[in-house]
Amino acid sequence: MRQPCAYILTNRSNHLFYIGVTGDIAARMVQHRNGQGSAHCRRYNIHKLVHAEFHATMADAIAREKALKEWHRDWKRRLVNENNPAWTDLFDTILS
């Protein structure tokens, strides 16, 4: 799916976060899951997509990514809880 996107990944226990931006969420998730994404994700096994926001432009997606990175952990948790209360992996949902 080629569209600018800011996203949040977490690990299996939902304690660690990774916030990123991409123009193609499907390709980026494949990279993360194959260990070709960020070193932080590889090191801490962070590859569960729990939040994704699609934007009209890459500039908007980057601005949102930067804003999310400044948020406190509790705010990030609340954002995921509002949109994905079960903290399920959204990757398959986004692809369909």
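The coordinates are above.
Not measured: the values here are computed from a predicted model. Residue numbers restart at each chain and count upward from 1, following the sequence in its written direction. Local features in this predicted model are restricted to residues of pLDDT 70 or higher, and side-chain atom pairs are both shown and tallied only at a pLDDT of 80 or more, whereas totals for entire chains, interfaces and linings draw on every residue. Each side-chain value is derived from all of the structure's non-hydrogen atoms; neither hydrogens nor water enter the calculation.

This next bit is on the packing of aromatic side chains. The pairing test for Phe, Tyr and Trp rings, Trp by its six-membered ring, is centres within 6.5 Å, and the orientation test on the planes gives stacked under 30 degrees, edge-to-face over 60, and tilted for anything in between. A complete count under the given rule lists three aromatic pairs for this structure. Measuring from ring centre to ring centre gives 6.1 Å for Phe17 and Trp87, while their planes differ by 40°; the resulting arrangement is tilted. Placement of the pair is Phe17 in strand E2 (residues 17-24) and Trp87 in the loop between helix H4 (73-83) and helix H5 (91-95), with a sequence separation of 70 residues. With a relative accessible area of 13%, Phe17 lands in the buried category. When accessible area is computed with a 1.4 Å probe and restricted to protein chains, residues below 20% of their type maximum are described as buried, those above 50% as exposed, and intermediate ones as partly exposed. Assessed through its relative accessible area of 7%, Trp87 is described here as buried. With a centroid separation of 6.2 Å and an interplanar angle of 80°, the aromatic rings of Trp71 and Trp75 are classed as edge-to-face. Assessed through its relative accessible area of 39%, Trp75 is described here as partly exposed. Strands are runs of DSSP state E lasting at least two residues, helices are runs of H or I lasting at least four, and both sets are numbered from the N terminus onward.

It is worth spelling out the pattern of salt bridges at this point. A pairing counts as a salt bridge when a side-chain nitrogen of Lys or Arg comes within 4 Å of a carboxyl oxygen of Asp or Glu. Considering all chains together, one arrives at four salt bridges under this definition. Taking the shortest distance from any N to any O, the salt bridge between Arg2 and Asp24 comes out at 3.5 Å. With Arg2 in strand E1 (residues 2-10) and Asp24 in strand E2, this residue pair connects regions lying 22 residues apart in the sequence. Residue classification places Arg2 among the exposed positions, given a relative accessible area of 70%. Note that Asp89 is salt-bridged to Arg33, the shortest N-O span being 2.3 Å. Taken as a pair, Asp89 in the loop between H4 and H5 and Arg33 in helix H1 (residues 25-33) lie far apart in primary sequence, 56 residues in all. Its relative accessible area of 32% is what places Asp89 among the partly exposed residues.

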